[in-house]
Structures are given as C-alpha cells and as structure tokens.
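Topology and contacts: notes
Single-letter residue listing:
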Amino acid sequence: MVSVKRQASTIGLLIPTLLQGDVEGWRNTGWAGVTPTTEELLRYWFEEEREGPQFHSCQQQAIETIIYCHEILGVQNPYQLYQEFAPGEPRIAELARSKVLQDELNPITFPKYCLKMATGSGKTWVLNALLVWHYFNALNNEILRDGNGNPSPLSFTQRFLIVTPGAIVQKRILDSVKLGGNADINKPLFMPPGARWRDRFYYELYEPSDFRENLTLTDEPFLVVTNWQQFRFDKSEPSLWEEWVGECEEVPKAEIIADLLTEYPDICVLNDEAHHVHADKRPNPKTGQNEELIWRRFMTFLHQQQLELHGSADHRVFKQIDFSATPFYGSGDKKDYFPHIVYDYDLSKASSDMLVKQLFLEQRQGVNLEDLDFRAVREPAQGRRRGNITGLSPGQKVMLEIGKSKLEQLTEEFKAQGINRKPVMLVLAEETEVADLVGEHFNSLADIQGNYYDSDRVAVYHSQLKEPGKTSASQKLVDATSAKLEKIDDDNDPLQVVVSVLSVREGFDRTNICVIVMLRASEADLLLEQIVGRGLRLMFPAYKPEYEQIQDLKWEARQQLLNREAPGNAFDCLFLVEHPKFKDFYENYLREQGYAIASGDSSGKKATGDLVHVDADVNRTAKYNISWAVQIYDQAPIPNLNEIDIDSLDSYPVQSFNFLKQISGKTTITDVHVETETKAKTWELENEYFDYFYLLQRVARTVTQSKKTTHLSSLISEIAALTDEYISRRLLREEIDFTDPDNYKVFQGLGGQRVIDFVCDRIRAAIAKASDDLQYQPGAVWRSLADVPRLLMRQKNMVTVQRCIYPYQAVQSEKGGFERQVISKLLNPSPEVLAFAKLDRKHDLAIAWRDDRGIQRKYEPDFVVKTAQKMFLFETKGDHLITDSSTALKAKAAMAWCKSASKVSPPQGISQPQEWEYIILKQSVFDANEGASFNALLPIMRQETAMLTADLYGELGLQV
C-alpha cells in the first residue's frame, strides 16, 4: 500500500493517489485476475505493435484503473473504495467518518467512478475503450468472481447511455461512436479485426431527435447519446446560446427516456464533462429550481426503477463513469473535488507530456497596467441598480491591444515558417453590451499590414442577437454568425477574433485558438480552468502526418524552455493576457499541480504542499457543536471632503520632478512560460489609451474599492477633483501640467506604481481623517461550527482534540506553541470544558472594533468554549502583547459583544447556556499555573481581563 502523497490534500484526490500504486503493481503481474476477454483486450491495446494511432500512457492508466476497480476490487459503490483503503491508511479511515463524505456517497448504492483528465488528453478514446470492454465481456458471457471464487453481483452490459452537456460536445461524441465511416470507434486501435471481434461489434445508435412517445428501443445492444438537460422538466424559453449549443430542450423528454431505459436490467452510463451535473445547488432565476440536482434525481430514479422492475433478475447492471477535466466545485480553500475520482491526470502532466498547448502568461511589466480595471465604463448607479454601460474602459482596451499584438505576432511567425495555419483570438466579455462594444472597437483597428478587423475577421456571438419581434432578420443574423463560428479552424477563412460572453462552455474547443483575453470578472476556479481549456487542444498534433516535421521543432522549443532559454518557435502555444483572476488561478491552483509561476518576490515564503482538509466528524456533531448569534453592523461614515487641507498632505520624497522624469520607463510585456517561469520574449506595447484623466479616475476608484470604503463610490467625482488638486499642486512641491504626455510619463514604467501608491495612500488617509464617527445598526443571525463542515490546515500545525466536532485543530504557523499548549494541557484535559473550537475565519465570528485612530476593524477571538454554566470567548495572549493598545480595545469590543449576545436565547434545538463572557489568558499566568484546570484559572483570567480594560477606560468613568 502506498502512502498518500502530499499534494492529495482534498478528499477527492486521496483515492486516485492510492490507486495509482496498486494499479501499477497489478499491471506488472500481467493484469492477473481479469476475465479472458479483458486480458485479450488489454494485451491488444497496450502490448501489440500496429500501425496508426496508439493510446497515450495517461489513457492506458485511466482504462486500467476502471477495470481494476470493477474486476479486481469488485467495487459496488464509491464509499467502498474508502473502506478498502481505510485499514492501512489512517487518513482514509478518518475521512470515512466525515459528514461531508457520508452525505455525498451514502445515497449512492451502485458503482460510480470519475476519471479526472485534462482537456485535450483524450477522454473520448478512454470512453470508447471502456464501452468496448463492457460490450465484449457481456457478449462472451464473462462472469466475475469474488475472492472466495463465488459469482460476483457485478457484471457487464451491452446497453449504454452517453450523456453530454450540450450539442457541441454531443456532436464530438457522435463523430466518435458512429459505426462505419471515419468515426474513432472504427479505428483498429479499439479492437482486433476479424470474426471474433470487429465483425461481432454492433449496436443501435439513438440520438436526441429519435426520442418520441411511441419509440421502442431494440432488445439488441444499443447506445443512447443525449444531453443531460433532457432529464429536466423545465419548459421555459431557451436562450440563443442554449439553442446553439443544445443546452435546453424545446420539449423535455425526461419521462420518455426514463421509461425506455428502465425496461432493461442493465445499463452503463458514461457521463462526459461531468462537472455540469455535480455542482453545488444554484437556483434557476426563472424556475427557482436547483437544476444541478436534476441529474442526481434522474439517476437515482433510474436506479430505483431498475431495481424495482428487475431486482430478481439473474443479470442486473447499473454503473456510472464520469469524465471531466474539472471535477470539482467551489474555488480556493472552498474547492471540493468529487469524492468518487479514481484517476487524476492534471494539466501540468498533460503539458509536460505535450498533449496540450504550452501555457504562456502575457505578464505586464508596465506598472500602470498592474491594476487595470477590466470592467466597462458605466453611468452613475441609480440606487442599487448599476448604471448603463457607456464604453470600454482604458484597461479593457489595453488588454485587447495586448491580445491583438500577440495575435499578429503569431500570424507573422507562422508565415515566416511557411506554415499555412491561422491563429485565432478568443475574447470573453463580461456581458452582451460589452461584447458588442468590443466588436465595434475592433472594427476601428487595423493590423500591421493596414487591413482593418472588419465583420469578416471578427465574430460577436451572444444571447441577445435574436431580437424580439424581428424573428426573420434576427434569425438570419444568428445563422450567419453561427456559420462564422464553424470557420474558426478553417485556415482559409478570414475569421481571427471571436467575441462572446458564454463561449467558455465545453465543446467550444478549437485547435486554432492561440490567444485568450478575459474581460469578465470571475472568481470561480471552475470557470477559469474551462477558459484555459478552450484553447488547449493541439494545433499541430503528432498523429497528423502533415505535421511530422513540426514535432521536432515543438520538442526543441520545450527543451529550450526547460533550459530557461527563449524558444525558437511558438507552435502549439496558448497565450493568456494577464487578468487579476488568472494570476490568482495560476498561483492557487496550477502551482498545486506542479507548475512554477513567476509572481514577484517569493523569498521567505514556505511551500504549502502539506495543506489538508479536516472535516467535521458526524459522530461528534450532536455533542460538541457550538452556536452563536452573529452581530452584523452596517456602518455609515460621513466624510467631509471640504475639510481636507491639501497643503497638509505629504509631498513625494524625490529630488526633483526632472529626476523623476528621467527614471520613468516604458510599458513592456513578457511572455512567461507558466510551467518553467522562462521569460520567453519581451516586447513593448504601444498604446494611446492612458492619460492624466485616466489616472485621476483610477486613484478615485482605488480609494473606493475596499469593502470598507465602497460607500464612497458616489463621491468618485469629488475624490478625482481632490486628487487632481493634490497631484497638480502639492505632490511634487510645484504646479505641474500632467495633461502634457511628457510630464505624465512619471506615472508609467517600473517606478510609476510607487508614485501612484503614494498618492492613493495620502488621499485615502485624508478622507479617513475627515470622516465623522461611524454609526451602526446591529442585527443578529445564528451560526454554528457545523455550518463549516471542512477546514483547511497545515499538517505540521495540527493538534489532535477530543471535545470538538473537528478531530484536529490548527495553531498558528509562527509562534503557535502557546496555543498548542493551551489546547493539549488546558482545554482537552479539563472536564468542565464540554466543547471547544479554535475559530477560523470561515466561522464568521468577527467582532467590530475601532483602533486608536477611529478606523473600524474586525476582531476574531482565538477560541469559543462551552461549559455547563456559560459560553466563553477565550483569547490567548503573549505577555508582550498585553500592553498593546489594540488588545484592550479588542477586549472592550468583545465584552460588549458578549453582553449583547447574552440577551439572545438560543433557538430551539441548540442546547447551550445563554450567557457569554470574554476572558483572556496571559502566557505567564498559564506557565505559572501549569496543570490547573479551566475552572481553576477562570478567576485569574477574569481578573486580568478586568484590569486590562480598567486601565484604558477607568479614567473615563465607563463601566467594565
């Protein structure tokens, strides 16, 4: 048994890590224990030499993993895999008790697997191979046996349901599984020729258009290909995009499909792009239904119906195999991989194996581009409604200019190499109005040859192309635009720029996409990886004979990158114009998969490879859960900008204005290879979009972007005017006309950001000083520890605990020794402590307080403790921090919180005292009373807390 790898930090990636070693060992035995049919197929697929395409190593491992789970382990449900590994793996044994895992897997009583394979790594060929494996084992009446030699309840089938997320993916699947012609399934790769194999392979193929009320499926082998949306009952009007990609059916056929498929005792469901049907709940704004759960309800219904109708049958099969490059939901720390993943082939491995394009980040060197506003310009907001869009922002135009320049570079490089291929740029806009503006913007631009980006070279596609009441004309526009999109990979067609809002969907995979510009705000890792996936497919694949010579050039370029050298060509490279969310995505996700990413100074930073998820234990929740009333404060500060004296603000510490101009630099772009950090190419960006007025707007927006200052957004014009006066008259101790481009350049280049940051800090501080006292309107809602079923911790900082819903608690990375001692020597062994927890930010127990400058902040106490008589907010402090003024201010705010919280009776079902108290434990007190219980230390802690707040407030006559 292999140990769990460090990178397997979530439930979903533990099992594939463990399975990998077992499958490799099993392969080395010659696939011992499989049926004769399976053995013959495996040897044909992976040992025989033949002409034509071969399986990649990642495809072989995926196929073997499913066969190993089915034929060797005899897995009858996904939870069984955790039981299989639990005896030898303490981490798996612990997770088997996880409420998150049990809630997800306990309802699933049939074999269900997920193959996590990067876009472009060949999931469809794996799907075809598994279909062939099932088919011939069923045809040959192979019988599986358990470890005692008895027949296993698992078996094989010749009936299949392939589910896709839309018409585009569906077309790709149909092109792969149609018998006869050039479809993939007809290649020698999948089965031997002759009477025993190829001549016996046949099934009836059913497409979505075949389903009707009077349809009768054949009793012979069949394959049904459909969209998962056919399983829903929503009859709302589909959008234009849904019509084009087939994501909404005009006549839902759920009842028809369910009745047809449950006529038989056996079915294997192959679910392509499975993340569509496993996502968190998200209500449809029109129907109010949680559409992502429709798939689960439908599959459960199918299984139950099949069991009811054929429970006594000698041969019954129900199996589900999911395929996805992004089998997770959530983002960042909240990201959850599907717990039924059995194989993981991620993007970093696909990149190193050169099965996908090499990723490059267009990293901006000009500091005035580091904080671009990628949202469109709008009119002032009307109440809660955002203002109408009036144009593209300067930031958006620059990002488009970067993408356009890179597109033209690639076009010229391909021509210079004598390669007749057409690179294409994909632009993702934030909404339909922005997409239209991008199209109009490009129409006014010319390439380096002087040719304009007219309607033949640019396609704008979104859901508003079809206008109500203009069906005929609108439909012609839709048809014309759809036809243009089909020409993306046509090298003889002029289309080079595609602008859309929702074109990140699966199936919109085109080999010619080489540049991606994102002008939309998204924080979801799932969407970001799908965006990257749209351009990953190889433009020059090795299996096409015409690109044979290019393969050597591609390998040479990769070796150059690995050697930190500039590559000699850009064949099969994907360039992503840097976006704030892209950068976060690379750092928080791709780096975990093995990429090294340039992100500034990393000195002193430690690796995060030992991050693990700790789940609430379902056996502990009822006894050790703790609840509290969350206080919500709505602040209403009233700044008085007229009181700000510009002459009282600091000037920029520089020798002279002329000196500042001399050190100003130009804006440059560097192509950074994501995997190796190689700075492949650096080039200057020429643009005319930045001027002094943009700077004023940027400073004003920066000042109001913080969550604490969003209430100032209505004063942007006044803040911009204040900034203008400060910059023009006071910043450099002389009056300067920055509308002069020669003067304005001091805000550009590598030194410009320091000047801009200096301006933003001074303006923000001046506004804060001019603000009146904050006013609050308190409210309360109940939260509990159990609302956060999963926490992220570093293994080295974890402490085993007993009276807590989590089996581990995390202490601070630095100077966490005191907290560790408090947990292990005070809270754990004190019987009067009925329950406790180290609070995490996710728990949302944050107390508002104001520092000595009157600025509002949030305080998160260390622990929450439950005793029979009282609830405690419990803070631990080193002696050197007790005298800090912020400690007393936080304490006073926490005491006020406890006083307020004690007035609220716990809701029905919550068994805990109503009264709350705030206490502080100094390290010297703990050390001097080592071995004392919580109750023994309580009087001393109360005294220390009272003395702390009395020192601050006693002279004011306030009660503690």
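1. Observations concerning the overall build of the chain
Helices and strands together make up the secondary structure of the chain, namely 29 helices and 31 strands. Looking at the 960 residues of the chain, the share that counts as buried comes to 55%. Across the chain, every contact between residues at least 6 apart in sequence was considered, and the portion connecting residues at least 24 apart equals 73%. Here the chain displays about 42200 Å² of accessible surface, and carbon together with sulfur accounts for 47% of that area.

2. Regarding the packing of aromatic side chains
Under the definition given, this model contains 34 aromatic pairs. Taking the centre distance of 5.4 Å and the plane angle of 85° together, the rings of F201 and Y203 count as edge-to-face. Y203 sits in the buried class, given a relative accessible area of 3%. Three or more aromatic residues joined by ring pairs make a cluster, and in this case those are W31, W45, F46, F55, W125 and F190. When the ring centre of F575 is taken as reference, the NZ or CZ atom of K406 above it lies at 4.5 Å. One Lys or Arg, R457, reaches over the ring of Y453 and ends 4.0 Å from the middle of that ring.

3. Considering the sheet that holds strand β26 (residues 835-838)
Judged by pairing direction, the sheet is mixed, and its 4 strands sit side by side in the order β26-β29-β30-β31 without closing on themselves. One side of each edge strand has no neighbouring strand; the edge strands of this open sheet are β26 and β31 (916-922). Strand-to-strand twist of the sheet, defined as the mean angle between neighbouring strand axes without regard to direction, takes the value 20°. Two elements, strand β29 (residues 863-866) and strand β30 (residues 871-877), share 4 bridges in a ladder whose sense is antiparallel. From the neighbouring strand, F863 faces β30, where its bridge partner is F874. Across the face of the sheet, helix α25 (residues 817-827) comes into contact with β26, β29, β30 and β31 while running at roughly 135° to β30. Contacts between helix α27 (residues 885-901) and the sheet are confined to β30 and β31, with β31 contributing the most and set at about 155° to the helix.

4. Re unusual backbone geometry
A positive phi is found at W31, a non-glycine position, where the angle reads about 60°. The topology assignment puts W31 in the loop between α1 (11-28) and α2 (36-46). The phi torsion at D572 lies on the positive side, around 55°, for a residue other than glycine. Mapping D572 onto the fold places it in the loop between α17 (548-562) and β17 (573-577). When its relative accessible area of 4% is taken as the criterion, D572 is described as buried.

5. Examining the packing of helix α13 (residues 394-416) against helix α14 (residues 432-443)
Their axes nearest at 12 Å, the elements α13 and α14 cross at an angle of 55°. Regarding the angle of α13 to α14, the classification is oblique. Where α13 crosses over α14, the handedness of that crossing is right-handed. Contacts between α13 and α14 involve Q396, K397, L400 and K404 on the former and, on the latter, V434, V438, H441 and F442. Of the residues contributing to the contact of α13 with α14, the split by class is 4 nonpolar, 2 polar and 2 charged.

6. Some details on the state of the cysteines
Applying the stated criterion to the full structure yields 0 disulfides. Free of any disulfide, C514 has its nearest neighbouring cysteine sulfur in C573, separated by 8.4 Å. With a relative accessible area of 2%, C514 lands in the buried category.

7. A word on a negative patch on the surface
On the surface, E213, D219, E220, E255, D259 and E263 cluster together into a patch of negative charge. If you trace the backbone, D259 turns up in helix α10 (residues 254-261).

8. Here's the deal with helix α3 (residues 57-72)
Its 16 residues give α3 an end-to-end C-alpha distance of 21 Å, which sits within 8% of 22 Å, the value for a rise of 1.5 Å per residue. By the criterion of burial, α3 is predominantly enclosed, with 13 of the 16 residues buried. Once α3 finishes, G74 follows within two positions and takes phi at roughly 65°, a positive value.

9. A few points about the side chain of T262
Locating T262 in the fold gives a position in the loop between α10 and β5 (266-272). At a separation of 3.4 Å, a polar atom in the side chain of T262 contacts the main-chain carbonyl oxygen of D259. Residues contacting T262, with those up to four places away along its chain left out, are L302, Q305, Q306, L309 and H310.

10. Examining the environment of S57
Turning to its location among the elements, S57 is positioned in helix α3. Between the alpha carbons of S57 and S121 there is a distance of 10.0 Å; along the sequence they are 64 residues apart. Within the local environment of S57, its side chain forms a polar contact with the side chain of Q61, the two groups lying 3.0 Å apart.

11. Things to note about the sheet that holds strand β2 (residues 159-164)
Pairing within the open sheet is parallel, and its 7 strands lie in the order β3-β4-β2-β5-β6-β1-β9. With partners counted over all chains shown, the strands left at the sheet margins are β3 (204-206) and β9 (341-345), one partner each. Here the average twist between neighbouring strands, direction ignored, is 15°. Across 4 bridges, the pairing between strand β1 (residues 112-117) and β9 is parallel.

12. A word on the pattern of salt bridges
Tallied over the entire structure, the rule returns 37 salt bridges. Among the salt bridges present, the one from E431 reaches R378, with a minimum N-O distance of 2.5 Å. In this pair, E431 sits in the loop between β13 (424-429) and α14 while R378 sits in strand β11 (residues 377-378), placing the two residues 53 residues apart along the sequence. Here D647 and R729 are joined by a salt bridge, their closest N and O atoms 2.8 Å apart.

13. Looking at the side chain of K422
Looking at where K422 falls in the secondary structure, it is placed in the loop between α13 and β13. For K422, which is buried and forms no salt bridge, the nearest opposite charge comes from D493, at a distance of 4.4 Å. Of note is the side chain of K422, whose polar atom sits 2.9 Å from the backbone oxygen of D490. Within polar-contact distance, the side chain of K422 engages the backbone oxygen of L495 at 2.9 Å.

Reading guide: rules and limits
Residues numbered from 1 in each chain as written. Predicted model: local features only at pLDDT ≥ 70, side-chain atom pairs only at ≥ 80, totals over all residues. Heavy atoms only, no water. Helix = DSSP H or I, 4+ residues; strand = E, 2+ residues; numbered from the N terminus. Buried < 20%, exposed > 50% of the residue type's maximum accessible area, 1.4 Å probe, protein only. Contact = heavy atoms within 4.5 Å. Areas by Shrake-Rupley, 256 points an atom, 1.4 Å probe, with all protein chains shown as cover. Phe/Tyr/Trp six-rings, centres within 6.5 Å; stacked < 30°, edge-to-face > 60°. Lys NZ or Arg CZ within 6 Å of the ring centre and 35° of its normal. Pairing = 2+ DSSP bridges. Axes fitted to C-alpha atoms, helices over the stretch in contact; angles between N-to-C directions. Parallel < 35°, antiparallel > 145°, perpendicular 65-115°, else oblique. Left-handed = near helix turned anticlockwise from the far one by under 90°. Nonpolar A, V, L, I, M, F, W, Y, C, P; charged D, E, K, R; others polar. Disulfide = S-S within 2.5 Å. Patch = residues over 30% accessible without salt bridge, like charges linked within 9 Å, V, L, I, M, F, W, Y side chains within 5 Å. Salt bridge = Lys/Arg side-chain N within 4 Å of Asp/Glu carboxyl O. Lys, Arg positive; Asp, Glu negative; His and termini not counted. Charge placed at Lys NZ, Arg CZ, Asp CG, Glu CD. Expected span 1.5 Å × (residues − 1). Polar contact = N/O pair within 3.5 Å; in protein donor to acceptor, adjacent residues only side chain to side chain.

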